[in-house]
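# Secondary and tertiary structure notes
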Amino acid sequence: MTVDQVGAAGRGATTIADRVVAKIAAQAAREALDAVPKGGSAPYASVVVHRDTARVSVSLELSYPSDVGRQCGAVRGQVMRRVRELAGMEVPEVAVHVERLHSPRTAKDAARGRLA
């Protein structure tokens, strides 16, 4: 039996590790944000993959003031698109957790050694 005669199911499957999908999701979140706040951390993603479906949780920091709802919506949409494009997985939900808001005033006070 040659390779041409073996059906698709008999040839095996490609498995993408959760950590790879998490890296794709984190990069997609960075792409969607206006900017990572000065002194802030880049977005971090955790993922649970079941067959061809990924459930994603993204933690991020935003500048203050900003349109938090718009930025979270942009992150959700970009993560769904990029995971589908690059990993071939559906993403029925993306939970976005805003860990911290960075304001220019807080950054100045922190530089002086105090926080308001």
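Our structure's up above, just so we're on the same page.
A brief structural summary.

Thresholds applied
Residues numbered from 1 in each chain as written. Predicted model: local features only at pLDDT ≥ 70, side-chain atom pairs only at ≥ 80, totals over all residues. Heavy atoms only, no water. Core = buried A, V, L, I, M, F, W, Y, C linked by side-chain atoms within 4.5 Å. Buried < 20%, exposed > 50% of the residue type's maximum accessible area, 1.4 Å probe, protein only. Helix = DSSP H or I, 4+ residues; strand = E, 2+ residues; numbered from the N terminus. Contact = heavy atoms within 4.5 Å. Polar contact = N/O pair within 3.5 Å; in protein donor to acceptor, adjacent residues only side chain to side chain. Expected span 1.5 Å × (residues − 1). Pairing = 2+ DSSP bridges. Axes fitted to C-alpha atoms, helices over the stretch in contact; angles between N-to-C directions. Right-handed = clockwise from strand over helix to strand, strands pointing away.

## A closer look at the nonpolar core
With 25 residues, the main nonpolar core has Val56, Val58, Val75, Val79 and Val83 as its most contacted residues. Of the residues forming this core, the biggest block, eight residues, is contributed by helix 1 (residues 18–32). Beyond its immediate sequence surroundings of up to four residues, Val58 is in contact with Ala29, Pro43, Tyr44, Ala45, Val75, Val79, Val94, Ala95, Val96 and His97.

## Structural notes on the side chain of Ser59
Looking at the secondary structure, you find Ser59 in strand 2 (residues 53–63). Side-chain polar atoms of Ser59 contact the side chain of Glu99, separated by 3.3 Å. Those residues in contact with Ser59 that sit more than four places away from it in its chain are Pro43, Tyr44, His97 and Glu99.

## Points about helix 2 (residues 68–87)
Over its 20 residues, helix 2 extends 28 Å from the first C-alpha to the last, a length consistent with the 28 Å expected when each residue adds 1.5 Å. Residues of helix 2 that are buried include every one of Gln71, Cys72, Val75, Gly77, Gln78, Val79, Val83 and Ala87, and no others. Elements that come into contact with the buried residues of helix 2 comprise helix 1, strand 2 and strand 3 (90–102).

## Remarks on the sheet that holds strand 2
Strands sit in the order 1-2-3 across an open sheet of three strands; the sheet is mixed. Either end of the sheet is taken by a strand with one partner, and the two such strands are strand 1 (44–50) and strand 3. Averaged over neighbouring strand pairs, the angle between their axes works out to 15° when direction is ignored. Contacts from helix 1 reach strand 1 and strand 2, with the element oriented near 135° to strand 1. Its contacts with the sheet place helix 2 against strand 2 and strand 3, and it is angled at close to 140° to strand 3.

## A word on helix 1
The first and last C-alpha atoms of helix 1 sit 21 Å apart over 15 residues, in line with the 21 Å expected at 1.5 Å per residue. Of all the positions in helix 1, only Val21, Ala22, Ile24, Ala25, Ala26, Ala28, Ala29 and Ala32 are classed as buried. If you follow the buried residues of helix 1, they end up packed against strand 1, strand 2 and helix 2.

## Structural notes on the pairing of strand 2
Summarising the sheet, strand 1 and strand 2 pair through seven bridges and their orientation is antiparallel. Counterpart to Tyr44 in the pairing with strand 2 is Ser59. In this antiparallel pair of consecutive strands, strand 1 and strand 2, the connection spans two residues, and Arg51 shows a positive phi of 55°. Two strands pair when backbone bridges link them, and strand 2 and strand 3 are joined in this way by ten bridges, in the parallel orientation. Its bridge partner lying in strand 3, Arg55 is registered against Glu93. What joins strand 2 to strand 3 is helix 2, and the crossover it makes is right-handed.

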